[in-house]
Structure formats: C-alpha cells, structure tokens
Amino acid sequence: MTYNDINFNNKTILITGGAGFIGSNLAFYFQENFPDAKVVVFDLFRSDATFSNGSLKSFGHYKNLLGFHGTVISGDINDKIALKDLEDSYSFDYIFHQAAISDTTVQEQDIMMQTNINAYEDLLKIAIKHNANMIYASSAATYGDSDRFEVGYEQPNNAYGFSKVMMDNIT
Ligand SMILES: NC(=O)c1ccc[n+]([C@@H]2O[C@H](COP(=O)([O-])OP(=O)(O)OC[C@H]3O[C@@H](n4cnc5c(N)ncnc54)[C@H](O)[C@@H]3O)[C@@H](O)[C@H]2O)c1
C-alpha cells in the first residue's frame, strides 16, 4: 500500500534516524513499495552512553533494520565531516529527517539544540544543494502548555519542545 502518488523508484532517499522507530518503518516502506529506490539510512545507533536522566543518548538499534537491503551508515548529524561526506557521495532526491534527541525529558539543552536545530539546518543546506525535498519531523510538544493548537500559539514547556519550535521557524 502506498500513501500518495509519488513514484520513489529510481530516487535516492536519505533517512536520518533510520534505525529508530519511525525512520526504520520508513526504510521498509520504501523497500517494499519502491524496490528500485536507493535508500540510505544514516543513524548514530545506540551505545551505552546516557544522558543525566539515565536515558540512552540515541535509540537506534540494528534490530529495527533486520531485513533491510539498503545502505546503512553509522554517523552523527552533528559531525560536519560526516555530513560533507554524505553531500559529496550522493545526490539525494528526498531527505526524510527523523534523527533527533527524541526523549522529551532530556535536560542537556546544549546538545538538544545542536542536534535538533543546528544539525537540521546543516541538512537543509544539503537538501538545497541537491535540490532535494526535505521532510522533517516536528512534534506536538511544540504546543506544551498552550490551549490553542495552531501555528503562532506554541508554548513549549521543555527543551525538546523548544527545539522543535525552532525547527519549524527555520522552514
Ligand atoms: N514517535 C513519536 O510519537 C514522535 C512524535 C512526535 C515527533 N517525533 C519525532 O519524529 C522523529 C523520529 O522519532 P522516533 O519516535 O522514531 O524516535 P527514535 O528515537 O526512535 O529515532 C530517532 C533516531 O535518531 C537517531 N539519532 C539521535 N541522535 C542522532 C544523531 N546525533 N545523529 C544521527 N542519528 C541520531 C537515534 O539513534 C534514533 O535511531 C524525531 O524527530 C522525533 O522527535 C516522534
């Protein structure tokens, strides 16, 4: 089953965060429905590193990709050399940007903003250079305490929600 009329066959698709929950499902969506698409997963994957709240620093897991036949690259979207390598090695038609610190309770604001805002902007620049479509993930956390779920009424109440508002503002 496909969700729109776009034919992704023969397209080159980057999925950042492709070893995570949504990204890995996207990877299989393209693999199953568009076997001639070239799908590149870029993900930090998990290690035993944790934030101060005890959560893993990244949730990517190889088991989410068992059966995936595309390209898998382990890398950090905060690593400008790795991004340059992606930019030079491929010509993307689509970037599905799912990589993020997705834990809403993470307290480290510095790495949250770097990962969720600044690295997104770097990926946007690649999308512009490649003339690629960028599809990114925002969050309901942008609204936080707001009683109005409308653009312009965002009221995030944690660093994660704030980072997602800033992403939305860039676009
Ligand atoms: N799942 C939800 O209900 C939900 C709701 C709203 C928004 N979102 C957003 O959707 C996106 C995907 O969410 P998810 O549920 O799949 O989360 P997830 O944590 O399962 O996936 C995120 C992936 O990003 C990777 N990652 C983290 N930091 C990275 C880095 N520096 N470089 C490269 N990869 C990195 C992780 O390893 C992980 O595989 C995120 O942007 C999240 O904020 C998710």
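Structure first, text after, so check above.
Cut-offs used in this document
Residues numbered from 1 in each chain as written. Predicted model: local features only at pLDDT ≥ 70, side-chain atom pairs only at ≥ 80, totals over all residues. Heavy atoms only, no water. Helix = DSSP H or I, 4+ residues; strand = E, 2+ residues; numbered from the N terminus. Rg over C-alpha atoms; globule rule 2.2 N^0.38 Å. Contact = heavy atoms within 4.5 Å. Areas by Shrake-Rupley, 256 points an atom, 1.4 Å probe, with all protein chains shown as cover. Lys, Arg positive; Asp, Glu negative; His and termini not counted. Charge placed at Lys NZ, Arg CZ, Asp CG, Glu CD. Core = buried A, V, L, I, M, F, W, Y, C linked by side-chain atoms within 4.5 Å. Buried < 20%, exposed > 50% of the residue type's maximum accessible area, 1.4 Å probe, protein only. Axes fitted to C-alpha atoms, helices over the stretch in contact; angles between N-to-C directions. Parallel < 35°, antiparallel > 145°, perpendicular 65-115°, else oblique. Left-handed = near helix turned anticlockwise from the far one by under 90°. Nonpolar A, V, L, I, M, F, W, Y, C, P; charged D, E, K, R; others polar. Near = heavy atom within 4 Å. Polar contact = N/O pair within 3.5 Å; in protein donor to acceptor, adjacent residues only side chain to side chain. Salt bridge = Lys/Arg side-chain N within 4 Å of Asp/Glu carboxyl O. Phe/Tyr/Trp six-rings, centres within 6.5 Å; stacked < 30°, edge-to-face > 60°.

Asks: Mind showing me how you'd approach the overall build of the protein chain here?
Replies: Looking only at helices and strands, the protein chain features 4 helices and 5 strands. Secondary structure elements of the protein chain occur, N-terminal to C-terminal, as β-α-β-β-α-β-α-β-α. What you see for the protein chain is a C-alpha radius of gyration of 16 Å, in line with the 16 Å of a compact globule of 171 residues. Counting only C-alpha atoms and orienting by the principal axes, one finds that the protein chain spans roughly 45 × 35 × 30 Å. Counting only contacts in the protein chain whose residues sit at least 6 apart along the sequence, the fraction spanning at least 24 positions is 71%. Counting only carbon and sulfur atoms, one obtains 50% of the accessible surface of the protein chain, whose full area is about 9,300 Å². Taking the average place of the 11 positive charges on the side chains of the protein chain and the average place of its 21 negative ones, the gap between the two points comes to 4 Å.

Asks: What's the story with the nonpolar core in this structure? I'm lost.
Replies: Where a protein is soluble and globular, its nonpolar side chains tend to be buried together. Counting residues in each nonpolar core, the largest one holds 20 residues, and the members touching the most others are Leu14, Leu86, Phe92, Ile95, Leu123 and Met134. Per element, the largest residue contribution to this core is 6 residues, and it comes from helix α3 (residues 109-130). Every residue in contact with Leu123, bar those within four places of it in the chain, is listed here: Leu14, Thr16, Ile77, Leu83, Ile95, His97 and Met134. Ranked by size, the runner-up nonpolar core spans 18 residues in total, among them Ile13, Leu26, Ala27 and Phe28.

Asks: How should the packing of helix α2 (residues 80-89) against α3 be read in this particular structure?
Replies: Each pair of packed helices can be described by the angle between their axes along with the distance between the axes. It is the contact of α2 with α3, at a shortest axis distance of 11 Å, that shows an interaxial angle of 15°. Here α2 lies roughly parallel to α3, going by the angle between them. Classified by chirality, the crossing of α3 by α2 is right-handed. Residue-level contacts link Lys80, Leu83, Leu86 and Glu87 of α2 to Asp122, Leu123, Ile126, Lys129 and His130 of α3. Within the contact of α2 with α3, the residues separate by chemical class into 4 nonpolar, 1 polar and 4 charged.

Asks: I would appreciate a short explanation of the site of the ligand in the present structure.
Replies: The environment of the ligand is made up of 25 residues, and the closest members are Ile22, Asp43, Ser102, Tyr160 and Lys164. A distance of 2.6 Å separates an oxygen atom of the ligand from a polar atom in the side chain of Asp43. At 2.8 Å, a side-chain N or O of Lys164 approaches an oxygen atom of the ligand. With the chains in place, 83% of the 820 Å² that the ligand exposes on its own is no longer accessible. Of all the elements in the fold, those that place two or more residues in the shell around the ligand are α1 (21-33) and α4 (159-170). Considering only residue class, the shell around the ligand consists of 11 nonpolar, 11 polar and 3 charged.

Asks: For this particular structure, what's the right way to read the pattern of salt bridges?
Replies: Two side chains bearing opposite charge may form a pair once their charged atoms approach each other closely. In this structure the tally under the stated criterion is 4 salt bridges. Of the charged contacts, one joins Asp88 and Lys84 as a salt bridge, the two residues approaching to 2.9 Å between their closest N and O atoms. Here Lys84 and Asp88 lie together in helix α2, a separation of 4 residues that amounts to about one turn. Of the residues examined, Asp88 reaches a relative accessible area of 53% and is grouped as exposed. Close ionic contact of Glu150 with Arg148 constitutes a salt bridge, the shortest N to O distance being 3.1 Å. Take Glu150: its relative accessible area is 38%, and that puts it in the partly exposed class. In this structure Arg148 comes out as partly exposed when scored by relative accessible area, which is 37%.

Asks: Which parts of the structure should I look at to understand the packing of aromatic side chains?
Replies: We describe a pair of aromatic rings using the distance from one ring centre to the other and the angle between the two ring planes. Summed over all chains, the structure comprises 14 aromatic pairs. Residues Tyr29 and Phe30 carry aromatic rings whose centres are separated by 5.3 Å and whose planes lie at 70° to one another, so their mutual orientation is edge-to-face. Measuring from ring centre to ring centre gives 5.2 Å for Phe30 and Phe96, while their planes differ by 55°; the resulting arrangement is tilted. Taken together, the residues Phe30 in helix α1 and Phe96 in strand β4 (residues 94-97) connect sequence positions 66 residues apart. Here Phe30 and Phe96 have matching classes, each one buried. These aromatic residues form a ring-pair network of at least three members: Tyr3, Phe8, Tyr29, Phe30, Phe34, Tyr94 and Phe96.

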